[in-house]
Structures are given as C-alpha cells and as structure tokens.
Amino acid sequence: MRKHLRLLALMLACLCRLQAAGVLKCCLRAEPQTLDPLMVSDEAAELIRYLTSGVLIRINRYTQQPEAELAESWAVSSDGRELRFRLRAGLRFSDGSSFGPEDVECTIRRLTDPQLHSPVADGFRVGGQPPVVKILSGREVAIRFAQPLAGFERLFDQLSVVACEDPQGQRAVLGPYFIAERKPGQYIQLSRNPRYWKRDARGRALPYLDGIRLEIQPNRQLEVLKLVRGEIHLIQKLDPDFYPQLENKPGVRVYDAGPGFDAELMWFNQAPQAPIAEHKKNWFRNLAFRRAVSDAISRADLCRIAFGGRATPAAGPVSPANLLWYNRQLRPYPYDPVGAGQRLREAGFQYRGGQLYDATGRPVEFSLITNAGNRSRERAAALIQRDLQKIGMRVQLVTLEFRSLIERITRSLAYEACLLGLTNVDLDPNSQMNLWLSSGANHQWNPKQPKPATAWEAEIDRLMLRQASTLDRALRKAAFDRVQMIVHEQLPFIYLVYRHGLSAYRPVVRNLKPAGLFPELLWNAAELDLEPQSTR
C-alpha cells in the first residue's frame, strides 16, 4: 500500500509538472547586437544575458538587496580590497561541464583583456588596474583589487560567469535558460536549462517554464495587438499611447509603477573622429549652445503630449525614484526660449529673419536621429524640432531601425544629435562607470577618450574613481552628488523626462512581481509559470 501511495504521489507530481509547463512569449524591440555576455551594450542583449547567464551575486529587483547566487557566501577583507567567494558545490553548466573557481578566473581575465573592450570592464579596473584572481581551493576564489571597492555586490550582478572552454557563452550557461534556436529578424528561442541549480521552497526544480520565446518585433502597435490576441503573454515596457487602450481590455492587465529609473535624453556628437562638419562640432562643444537647447525645450509638453501624462520632467542622470543616490538639489531647467535666444547672442550667434547663424555666417541646422517605431519618442522629437525652430534652429528628424541607430552611435559615429533613452540595470553608480569615465565606450557624446577632453570630464573621472574606492557611504554620496551636478551644469546629456514604468500582461502568467528596474517583468523568470490552459 505504501508503495502504491508513493507511486501515486509521483504520478501527481509529474502531472502537475506537465500542466504547469509551457513557453512564455514576449517581444524584443530589436535584434540583439551580440550574444557574448561580456560584450552586451543594448537592451535586447541585456535581457538575453539576464535570462541565460549565472552571476556570483544577484541583486533582487524587487527588494533591491544582494542575494547569493553561484557564490553561496562572500566576505570582504578588512582593507576593503579583497573579496573571497565560496562557490556552491556540484554546479554544472548547461552542457554538463562542471563549474568551479577556474571559470571565475577565466571570466575576469577575459573581461579585463584590453583587446576585448568590454562595456562591463571599467567597473572592475579599480585604480586603473584589473583585479588579481587567486584560486584558494576547489570551491573558493579570491579577487583582489588595487584599491578598496565600494558597492561590489551590485557590480558582480553584471558579471556573467562563462566557462573556460566556452568563453563567449554560446554553448555552456549557468542561468535558468539557454539559447536553443535563433532566427535573425524573427525570434530567439530559450529552453529550460535542465541543470539549473535552483529549487523552490517545496524542493521543485526551477525554472517552471519549458522555455521563453523572444520574438523580434520593433512595431509597438503589432506587439500590443499580439498581446490582445493572446499571441504573447506580456509587454515589459508599454508605450504610454497604449496604456488607456488596454486598461479595460478583457484578458489584459496594465500596471503603472510611477516615475521609473530610466530617462529620455538627447545629446550632441562631440567626438573628434566623428565624420561630421567641424563647425557643427564647435557648436556642440559650446556650453552656451547646449544650455540654450535645453532651455528652449518644454519638458512639460513632452510629458503631456509625447508621453500622455505618464512621465515626469527630468533634472539629471538619477531619477528621484532612486532614493539612495538622487541629488535632491537638482531641478529641471525651466522652459525659457527668450533666455535661450539671449544666451546664443551672447555666445556670438546672430539672428537674421528668424534664422540663427553662427559667427561665421553658417545657418544653425543639424539632424536628430532616433529609433523608428517608438511613437512617444517620435512625438518627442517632433516637439523638440518645434521648440528649437522658435529659437531659429532647423532640425531634421531622422528615424532609424534600432540596429542601424546603435551602429551609428557606437561604431561609425555618423550622426549629429541623438534622442534616446538610457536603461539603468542597477541603482549604484559603479554600474555606470562605462558611461561616465571619459575612456568608456558608452561615454556617448565623446567615447573612448585617451585622456579627458575637458577639465569637467577629468573631474568626473576623479570623482567616479574616488566614490568607487571608498567604503564610506557618505563620501560616496557626496562624490556622486557632485558628478550629477557637473552633468546638470555642463549638459553633455540633456535630460528631458523620466518615463513611468508601464507594463501589460495577461493574467495567465503566474508569479509576476513587477519591479522598477530592468528586466521589470522577467527579473524572476525562473519562478514564472503559466495557467494550464495557456500552455496548449
């Protein structure tokens, strides 16, 4: 009888597993630029990295607290320079190969290789030096930095551990899913990693889902239509246009998390190597010019018209939603087209018949690129064009397929100005090293500088390195407050609005816990499940 009961329990468990299994479907707005987890620089690739890679420490997007992942524990040395990790026992990559401290060593060696130019590497070069990795035992590894490293837990959240035998993470992964199939321009199919180490509170193996299908769909209207029809299960970043349309749709739920962590901004290309006219670079390097542009843009109109009231005027790089690091002294620049015109005259620009000319008699005109298909951003670009026309500037709007846009702003540099959003994957300033250091690849207005081009960029370099190397929370906050103030004053990025965190989903998705940080609905993907009828 006891044997029969055990058999029945096993059958019921199998039945529950079959009923719960299924494939979650959602969309990527663009083709990922890379599948190499150490080279990620775009949102689509970031999502795939998050779903497939293992990290030593993971920041829980819901609680904002660090949690042990591949490392079951860690300790910091008394001088704040060395981290000792004790790895979980018996872990394996998805291809069956064993995971150990050698893989951590290989990962950091490849990450900090100067020939790789990894966007993540800057945060690990403390004091300009890469860390030294020492294997202490079969389960322990020490990572020593040249200087004390603050906020290290959040830094390691971005470091995907790769296998020594598969350094680009194409075959062996440690995350809940692995890439089973890819059809460029169509979809990326993720399948359940049968060797994933996590289990739920009842001891059941995670993830619950058989897989996640990421369809490439840049058209937001079609994405929403797919959600309404039940062809996909969720939209992580819902455009404000569609929020009221979906509020009362049967079978759909919408969620507004309020002002989020991501900002909409524009910037001018100041890179010396950029293939654009030199006189335009001179305009873009002129603080009076950038300040006039900022003053001429009505942020209130952007919030009201472009984002349907679901945005807040922005003052700087950190949203007030980030309670830990927001500089409360900053205020959004007020709308002041009259003051903008006066500022331009004082800088040597001239007006003739309502058109603005520089001191050499050239008309002030430039192109502004943004990504096609994002209706809120396209409307924002049109409003910016309207506002700048009022101060005599002619702006040509150019919408590009997202892959082409990324190519221009990261490689060819063949653009004059750009309107885009920046996605924050963490709250700590150390996660933004590649953005603020003048040598960083994501220092968008003038990337990969051999030495700081301006005194204020050199000051930002010093401040970012200073806050990264002290364990004193108050000193870190003071340093990063100053970074925010410099960015606010110098306007290399003209911050426009903080978007609200909008999402939509079908209630057949179980265990959703919407979070403010990326990836908003998929951060706990290993725990997501589908109602049985939705898996057919």
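Whatever comes next refers back to the structure up there.
Scope of this entry: the structure provided in the associated data block. Throughout, residues of each chain are indexed from 1 in the direction in which the sequence is written. The predicted nature of this model means local features are confined to residues of pLDDT at least 70 and side-chain atom pairs, given and counted, to a pLDDT of 80 or more, with totals for whole chains, interfaces and linings taken over all residues. To get the side-chain values, all heavy atoms of the structure are used, and hydrogens and water are removed first.

### Some remarks on the overall build of the protein chain
Okay, so step 1: Where helices and strands are cited, they refer to DSSP runs of H or I of at least four residues and of E of at least two residues respectively, numbered from the N terminus. Looking only at helices and strands, the protein chain features 15 helices and 21 strands.
Okay, so step 2: We compute the radius of gyration over the C-alpha atoms and compare it with the globule rule, which gives 2.2 Å times the number of residues raised to the power 0.38. The C-alpha radius of gyration computed for the protein chain amounts to 25 Å, which stays within 12% of the reference 24 Å derived for 536 residues, consistent with globular compactness.
Okay, so step 3: Projecting the C-alpha coordinates of the protein chain onto the three principal axes gives extents of approximately 95 × 60 × 40 Å.
Okay, so step 4: Remark: exposure states derive from per-residue accessible area (1.4 Å probe, protein chains only) relative to the maximum for the residue type, with buried under 20%, exposed over 50%, and partly exposed in between. A buried classification covers 56% of the 536 residues belonging to the protein chain.
Okay, so step 5: Whether two residues touch is decided by their heavy atoms; if any such pair falls within 4.5 Å, the residues are in contact. Contacts in the protein chain between residues at least 24 apart in sequence constitute 69% of all its contacts with a sequence separation of at least 6.
Okay, so step 6: Positive charges come from Lys and Arg alone, negative charges from Asp and Glu alone, with His and the N- and C-terminal ends not counted. Lys charges are placed at NZ, Arg charges at CZ, Asp charges at CG and Glu charges at CD. Between the mean site of the 73 positive side-chain charges and the mean site of the 57 negative ones, the protein chain shows a separation of 3 Å.

### Topic: the pairing of strand E5 (residues 82-87)
Okay, so step 1: Here, strands pair whenever DSSP counts at least two bridges between them. Pairing analysis gives 5 bridges linking strand E4 (residues 71-76) to E5, with the strands arranged antiparallel. The residue bridging serine 73 from the neighbouring strand is arginine 86, located in E5.
Okay, so step 2: Where E4 hands over to E5, the hairpin turn is made up of 5 residues, of which glycine 80 adopts a positive phi near 75°.
Okay, so step 3: By the bridge criterion, 5 bridges tie E5 to strand E7 (residues 140-144) in an arrangement that is antiparallel. By the bridge assignment, arginine 84 is partnered in E7 with alanine 142.

### Here we look at the environment of asparagine 524
Okay, so step 1: Looking at where asparagine 524 falls in the secondary structure, it is placed in the loop between strand E20 (509-510) and strand E21 (529-530).
Okay, so step 2: By relative accessible area, which is 4% here, asparagine 524 ends up buried.
Okay, so step 3: Sequence separation between asparagine 524 and leucine 512 is 12 residues, and the spatial gap between their C-alpha atoms is 7.8 Å.

These figures capture arrangement, not role.
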